[in-house]
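So the chains spell out like this:
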Amino acid sequence: MTVLLFDDPAIRPQLLPFTFTRPVAALRCGILTVAEKWQHRLRQPVHYLTEQYLQAKYPAGPVGGPALVINGAVCPDELLTKQVQALQPGEALMDGDLLVAAHLADAARIAELIQDGFTHTKEVAEPVLALREVWHLFLHNGAEIRRDFALLTAGRTSQPVGDAHTIVYAPENIFIEEGVKIRAAILNAEDGPIYLGRNSQVHEGAIIKGPLALCEGSHINAGAKMRGDNTVGPFSKVGGEVGNSILLGYANKGHDGYLGNSVIGEWCNLGADTNTSNLKNNYAPVKIWSHSAGRFVNTGQQFCGLMMGDHSKCGINTMFNTGTVVGVGANIFGAGFPRTFIPSFSWGGAAGFETFKLPKVAEVAERVMARRHLAYDATEQAIMQHVFEATAKDRIWEKAVGKDAPAPAAE
């Protein structure tokens, strides 16, 4: 039976800017993406039901015939997986008004069934974890690292640390895949597990506190301070001080500077001494820009840092204020604090912005992706073209005649 992870139309817009360039289920929280979590638990391939412009990169697979359709925002555990597997044809699994999963005789009808509802429904045994807002990614990251760690390491034996100068606390909570290199580091897993993915590296003087996930091919640079609840996605590099943050993958924060309660998209680069504020001076709940609402919304969180979409970059000494949202393909530089909402394809900083034109974006993307032996191909270009057009309304200076107009002010 085909397994299809669908983008819930009520949730996907809440997860922008990250879902501009990927389905909801391709988001990483914990060690794995949501899709990878389901694939491991169901022990079969999964496919995506997502926006049409993303389907060339994230194909749906066979969409006719019987299928198990699952909400791409829902993170599974053992109990939920069993309930989903037990669904009979025509049955749906609900958590209140949230469609969690359904067993369909014809997967092609998923859209109308989501809209019209199911006649045969069951309620989940316990409330599910659904990633409904961008800050949910870092908020639940520590718990998801623990859950993924148990899933990935059950019945397996870790590779040894293999370095006489590395200090280890609670080695039973550390799992090391093949090809890992560790040199003169401190690994403290007393408060949560540490997972070091295949061919990753921990460099001299790094201090790592769990929970932490270092995914395949990634590096924690010399002297880094990883304060817990952190995920470094595949083929990334991280340095400086990092707390409760996620790098989705193929991203660099290689130098000193603080990153806290933040999510950084793929192909992003944070220049040396970039710092994020994650706490307001008055300790009030943080407001951030909502692409779906078109305004700043209250997160209800005291701690919230930087949300940066794919292919965005910032120069050295960039200072991000609390709750800053950066769209896709932005390039930020200059002195002072830039605004707390930086639209996609912005070029500039605190002094103002102009549009980062697609041909220039493509030049940078080609160079950056080539460093990881990947191509900025026609599929990638088409996605960026779509996002460029879809976000034109956010670049309000383009509507001004003869001069730049300011971006929306922070609240």
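Above this text sits the structure in question.
Residues numbered from 1 in each chain as written. Predicted model: local features only at pLDDT ≥ 70, side-chain atom pairs only at ≥ 80, totals over all residues. Heavy atoms only, no water.

Colleague: How should I be thinking about the sheet that holds strand 6 (residues 98–104) in this particular structure?
Modeller: Note on sheets: strands pair through backbone hydrogen bonds, and any given pair is parallel or antiparallel. The 6 strands are arranged 2-1-3-6-5-7 in an open sheet whose pairing can be described as mixed. With partners counted over all chains shown, the strands left at the sheet margins are strand 2 (47–49) and strand 7 (120–123), one partner each. Strand-to-strand twist across the sheet, computed as the mean angle between neighbouring axes with direction ignored, equals 25 degrees. Note that strand 3 (residues 67–71) and strand 6 share 4 bridges and pair antiparallel. Bridging across to strand 6, I70 finds its partner in A101. Sitting on the sheet, helix 2 (residues 78–85) touches strand 3, strand 5 (91–95), strand 6 and strand 7, and the angle it makes with strand 5 is about 150 degrees. (Pairing = 2+ DSSP bridges. Helix = DSSP H or I, 4+ residues; strand = E, 2+ residues; numbered from the N terminus. Axes fitted to C-alpha atoms, helices over the stretch in contact; angles between N-to-C directions. Contact = heavy atoms within 4.5 Å.)

Colleague: Is there a simple way to explain the side chain of T391 in this structure?
Modeller: Summarising the element assignment, T391 is placed in the segment after helix 7 (378–390). Within the structure, the side chain of T391 is placed 2.7 Å from the backbone oxygen of V387, a separation counted as a polar contact. Excluding residues within four positions of it along the chain, T391 makes contact with F20, S344 and F345. (Polar contact = N/O pair within 3.5 Å; in protein donor to acceptor, adjacent residues only side chain to side chain.)

Colleague: In this structure, what is going on with the pairing of strand 36 (residues 346–349)? I would like to understand it.
Modeller: Regular strands place their side chains on alternate faces of the sheet. Pairing analysis gives 2 bridges linking strand 34 (residues 331–332) to strand 36, with the strands arranged parallel. Residue pairing for strand 36: I332 is matched across the bridge by G348. Bridge analysis of strand 36 against strand 37 (residues 352–355) gives 4 bridges, and the strand direction is antiparallel. If you follow W347 over to strand 37, its bridge partner there is E354. In this structure, the hairpin formed by strand 36 and strand 37 is closed by a connection of 2 residues.

Colleague: Can you help me understand a nonpolar patch on the surface in this one?
Modeller: A cluster of nonpolar side chains, contributed by I167, Y169, I186 and I207, occupies part of the molecular surface with about 310 Å² of accessible area. Within the element layout of this structure, Y169 appears in strand 9 (residues 167–169). (Patch = residues over 30% accessible without salt bridge, like charges linked within 9 Å, V, L, I, M, F, W, Y side chains within 5 Å. Areas by Shrake-Rupley, 256 points an atom, 1.4 Å probe, with all protein chains shown as cover. Salt bridge = Lys/Arg side-chain N within 4 Å of Asp/Glu carboxyl O.)

Colleague: Mind showing me how you'd approach the packing of aromatic side chains here?
Modeller: For any pair of aromatic rings, the description rests on two quantities: the centre-to-centre distance and the angle between the ring planes. Applying the stated rule across the entire model yields 10 aromatic pairs. Aromatic side chains Y48 and Y58 sit 5.4 Å apart centroid to centroid with 80 degrees between the ring planes, which places their arrangement in the edge-to-face category. With Y48 in strand 2 and Y58 in the loop between strand 2 and strand 3, this residue pair connects regions lying 10 residues apart in the sequence. Accessibility classification places Y48 together with Y58 in one group, the buried group. Judged by centre distance (4.4 Å) and plane angle (10 degrees), the rings of W289 and F341 are stacked. Highlighted residues: W289 in strand 28 (residues 287–290) and F341 in strand 35 (residues 341–342), separated in sequence by 52 residues. (Phe/Tyr/Trp six-rings, centres within 6.5 Å; stacked < 30°, edge-to-face > 60°. Buried < 20%, exposed > 50% of the residue type's maximum accessible area, 1.4 Å probe, protein only.)

Colleague: What is the right way to look at the nonpolar core in this model?
Modeller: When a protein is soluble and globular, its nonpolar side chains tend to lie buried together. In terms of nonpolar packing, the biggest core is built from 68 residues, with W38, I70, L80 and V100 touching the most fellow members. With 5 residues, the top contributor of residues to this core is helix 6 (residues 358–370). Listed in part, the 37 residues of the second largest apolar core include I208, M226, M308 and I342. (Core = buried A, V, L, I, M, F, W, Y, C linked by side-chain atoms within 4.5 Å.)

Colleague: Looking at this model, I keep getting lost on helix 1 (residues 34–42). Mind explaining?
Modeller: Given 3.6 residues per turn, any residue in an α-helix points the same way as the ones three and four places further on. Here helix 1 has its buried residues at V34, A35, K37, W38, R41 and L42. Along helix 1, the residues classed as buried sweep out an arc of 160 degrees about the axis, all on the same side. Just downstream of helix 1, R43 is the residue with a positive phi angle, here 60 degrees. (Arc of directions from axis to C-beta.)

Colleague: I tried to follow the sheet that holds strand 16 (residues 212–214) on my own but got confused; where do I start?
Modeller: In space, the 9 strands of this open sheet follow the order 10-13-16-19-22-25-30-33-35, with parallel pairing throughout. The outermost strands of the open sheet, each flanked by one partner alone, are strand 10 (174–176) and strand 35. With 3 bridges connecting them, strand 10 and strand 13 (residues 194–196) associate as parallel partners. Looking across to strand 13, one finds that I174 is bridged to I194. Helix 5 (residues 141–153) contacts strand 10, strand 13, strand 16, strand 19 (230–232) and strand 22 (246–247) of the sheet and is inclined by roughly 60 degrees relative to strand 19.

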